[in-house]
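Working through the structure, step by step
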Amino acid sequence: MNKKQVLIDETLYYEKLDNGLEVYLHPKNGFVDFHATLQVQIGGNALSYQYGNEFFNLPAGTAHFLEHVYFENDGVNLSDEFSQYNADINASTSREVTKYYFSAQENFDMILNRFLEHFSSVCISEKTIEKERNIIEKEILMYDDNLYTQVNERLLKQMYKDERIWVDIAGTVKNVGEIDKLILDRTVNHFYQPNNMILVLTGPFDPETIMNLIKHSPFNTMKSNQYSPQINHLQDGKSKRHIYEINEKQNVNYLMVGVKLDLSIFEHLEVSQKRLVIIMFFEYFFSESSENYKQLKEDNLINYMYGTHIKIMDDYAYFSISSESNKPKVLKNRLIDMFKHLGLIEKKIFIASIRSRVGHFIGYFDSAYSINYSLTDFIKKRIDISSYINNVENISMKDVELTKKSIQMNEIYSVIYARN
Amino acid sequence: MKLKKKIINGIEVIYIPVKKYKHMMLAINFFSEADAQTFNERNMVLDLLENHNYKFKTSDQLNLHLDMLYGARLKSFVFNKGDLMANNFNLKFVNKKYLNDEENLIESAFLFLKDLIYNPKTYRQLLTQKATDEVVQEAYELLQTLSQDKASKAYFHYMKSISNQEKNTLIFPNKEYLKQITNHSITKVYQSLIQKDLMKIYVIGDIDELELDKVIEDTFSDRKDSISIDHISLSHDYNPRETPQEIIEYDDVSISRIFLGYRLPITNNKRDLEIMILLNIIIGGYSQSKLFTVIREKMQLVYYIYSMYDHNNSLLTINFELAPKDENKAIEGVKEIISDVRIGRITKEEIALAKNYLIKYYKSSADSLSGLLQLNILSDMDKEDGFVLEDKINSIMTISKEELTEVANRLFLDTVFRFIKKDDVDE
């Protein structure tokens, strides 16, 4: 088992099992909660993928559907079973991954073993599929009247023709109706294999004992396939860059502006540094502490619904700003103008930003939950947690300012949903 | 863990020493009696102080300062226990032993909060008109945004309909009083906060007591003439309704949002409160609750359904969203579950699972820095000597089925609130 010193009194243990499963163990002695996350590399973007030399298509919402049915096996519901052990179990699906997680305070070894046993072989029944289909249809309806969701999806639709980037993770009622056992079983076979998963455990345990348990669990007898599914996104957007639509039923005007980023200019940086310089750059210019924000606020162009979002994937990245506004067209033009006239970064703010990130990172270790969540996220983004502070402290102002060059001025899009 | 309470410069100080965390938290609380007339100002003054400070001229200067303190996190909020209200300023900052830095972060943290609270921008001894206009404007914007987000709007209107113009009005902002806010009225509330309210300081983390004593002594001047909070009720009076009200509100929505509000006439009886918290878990507090297992899993009518007990307002709320055609079926299902509980249809297993769940919740909260701080503040408001996990567990374990049934029989339905699409009324 490999061992990495993360902080003066924090150690991470790591091993890749023979079947390809990556296991991360972070002991937290003195705390009461155990947390376990099994992360599968399949999310809402799995609409089409390459598997070996073949290409497959899936209805939107397939990964999310699997998440719903995967707690049931042979008439046994893992959620009901875990409640008997006083363990909470849940799952979530994002655009890129599906996470299954539980927390417990006692009998962790036994519960973990049961968890691994369950995920080593799941038989999805027709009955479970029909029950969950009904529940998912109700879930989809819940978000139908959310204005932010509508505008965000519309913006991404304009920015990227590739629907894997924007399609609703749960799919539509129609998509959900198309999903059947055949599709689910094939998707499990392709995606739910050990080399497409990671296991992250935190809590007051002995790492050797837990690793030994994992190696003797049925999960370790699972085999990985010859191929892993591959998803590569397409970058093209639609030719119509700016959308303005009126909906008289709205009480407010809502605007979202997005710009694509060119990641190729960051190749000299380590993964965490690349992410951080982009985040620090846009925080400097567009966070609620920024000069631009102050200007927009003073001119009454935004309200407290103002927000920013940065998405950085391996093959695409964008930055977006949204707000309610009384003058959405004016705000749109101001934001585009701001993108074109970004100045230099002040040294004292840059230093403060570095210090802030160091403090927040240390804070992740104040609970078994937060370190489990952060560690899983870091691994998903391929960030080395043990050199994080060092990498942060070695970022230069020049690196951050480089982000200016990554803004693709000819790839700025906007959506306004206006009330009149 | 043994709490240390002391008085420094007339201020009550409570230390909660715990060694395992890498951060420390410092909370300065100002306690007063809830008052509907000044409820808006009490909430707004926190935001005003954060954004209109004499030393940190702008919010970006304030944030820069927090970043320099290694990303210290500031939270200010209002909360209440019955009629006892607290304006809380809370700062979380990293323990200096994890940094290669000589700066005394504890001293900096205290000085920062002192500046934040005592050094606002003023003009002729009043908080400025500009600052007042801004916070009032934000309150109006909040109301406008709430009206756009259907889920929030439904909840907001449900709470308004059930509140029945009660003392602390339950929700912020209160539109009826917004027009009355001036820089004079907000200054008056602010002056009361810094001069009259009972001020207490709580510090949690790996504490050096002597160092903290000195920092507090050097930072805060003598505090005199604070109010007494002993007479303030820790439960909240409400106006009981003789028959349940049924309210239907129409909107452009794709799904029906339903709220059932049950009232429970309990005063500050700790045993009743503990029983009600457990009863809420059994009814709809988690994934093995009666509501979840029956209305979602068995009847398959909803994606989510839960109950939430709000002691401060003596209110048990049950909320769910569903297709319009299923509204009545679900409401009847909920009422049947409450009736079942009243006649003692709760199994031993349901009680045992709910107890385990609740105990797990308290253990987890007491395992987190902010959770442990809040548990101790609430315990202090209850005039106890600090939160003791073992006592809490023992108390939960002794709750009987008879006690649960007895409290359930005191629940009465106050409001059924339907937030639905006009065309889809289910007759």
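In this numbering scheme, every chain counts its residues from 1 along its sequence in written order. Going through the entries in the order they are written, you letter the chains from A and number the ligands from 1. The predicted origin of the model limits local features to residues at a pLDDT of at least 70 and limits the giving and counting of side-chain atom pairs to 80 or more, whereas totals for whole chains, interfaces and linings rest on all residues. Here the side-chain values reflect all heavy atoms present in the structure, with hydrogen atoms and water set aside.

1. Digging into the overall build of chain A
Helices and strands together make up the secondary structure of chain A, namely 16 helices and 16 strands. What you see for chain A is a C-alpha radius of gyration of 23 Å, in line with the 22 Å of a compact globule of 420 residues. Dimensions of chain A along its principal axes, counting C-alpha atoms only, are 60 × 55 × 40 Å. Across the 420 residues in chain A, those meeting the buried criterion constitute 59%. Long-range contacts, defined as pairs at least 24 residues apart, comprise 81% of the intrachain contacts of chain A with a sequence gap of at least 6. Methods summary: accessible areas were calculated by the Shrake-Rupley approach with a probe of 1.4 Å, and residue burial reflects only the protein chains presented. Carbon and sulfur atoms make up 47% of the accessible area of chain A, which totals about 17,600 Å². Of the charged side chains in chain A, 46 are positive and 56 negative, and the gap between their average positions amounts to 8 Å. Secondary structure is summarised from DSSP: a helix means a run of H or I of at least four residues, a strand means a run of E of at least two, and numbering begins at the N terminus for each. Computation of the radius of gyration draws on C-alpha atoms alone. For the globule rule, the value is 2.2 Å times the number of residues to the power 0.38. With a 1.4 Å probe rolled over the protein chains alone, any residue whose accessible area is under 20% of its type maximum counts as buried; one over 50% counts as exposed, and the rest are partly exposed. Here, residues are in contact when the closest pair of their heavy atoms is within 4.5 Å. In this tally Asp and Glu are treated as negative and Lys and Arg as positive; neither His nor the chain ends contributes. Throughout, a charge is located at the NZ atom of Lys, the CZ atom of Arg, the CG atom of Asp or the CD atom of Glu.

2. A word on the interface of chain A and chain B
With 59 residues of chain A at the contact, the number on the chain B side is 52 residues. Note: buried area is the sum, over both parts, of the accessible area (probe 1.4 Å) each one loses when the two are combined. Between chain A and chain B the total buried area reaches about 5,000 Å² when both faces are included, carbon and sulfur atoms providing 49% of it. Throughout this description, the term salt bridge denotes a Lys or Arg side-chain nitrogen within 4 Å of a carboxyl oxygen of Asp or Glu. Of the charged contacts in the structure, one is a salt bridge between B:K22 and A:D9, with a shortest N-O distance of 3.5 Å. Counting of polar contacts relies on pairs of N or O atoms within 3.5 Å, with two restrictions inside protein: one atom must be capable of donating a hydrogen and the other of accepting it, and residues adjacent in sequence are counted only when both atoms are side-chain atoms. Where chain A packs against chain B, one counts 29 residue pairs in polar contact (both at pLDDT 80 or more).

3. Considerations on the pattern of salt bridges
Per the counting criterion, the structure on display carries 58 salt bridges over all chains. We note a salt bridge from B:R345 to B:D340, for which the minimum N-O separation is 3.0 Å. According to the relative accessible area criterion, B:R345 is exposed, its value standing at 52%. Several salt bridges share partner residues, and in doing so they unite A:E72, A:K131, A:E132, B:R296 and B:E297 into one network.

4. What about the packing of aromatic side chains?
Within 6.5 Å between ring centres, the rings of Phe, Tyr and Trp (the latter by its six-membered ring) count as paired, and their orientation is classed by plane angle as stacked under 30 degrees, edge-to-face over 60, tilted in between. According to the stated counting rule, one finds 53 aromatic pairs over all chains in the structure shown. Between A:Y100 and A:F119, the ring centres sit 4.8 Å apart and the planes meet at 55 degrees, which makes this aromatic pair tilted. Taken together, the positions of A:Y100 in strand β10 (residues 98-104) and A:F119 in helix α3 (residues 108-120) put the pair 19 residues apart, joining distant regions of the chain. Each member of the pair, A:Y100 as well as A:F119, carries the same accessibility label: buried. Here the aromatic residues A:F34, A:Y70, A:F71, A:F82, A:Y85, A:Y100, A:F102, A:F108, A:F115, A:F119, A:Y192 and A:F205 are joined through ring pairs into a cluster of three or more. We count a charge as sitting over a ring when the NZ of a lysine or the CZ of an arginine lies within 6 Å of the ring centre and within 35 degrees of the ring normal. The ring of A:Y160 carries the charged tip of A:K260 above its face, separated from the ring centre by 4.6 Å. Over the aromatic face of B:Y54 sits the side chain of B:K57, whose NZ or CZ is 4.0 Å from the ring centroid.

So yeah, pure geometry; function would need other evidence.
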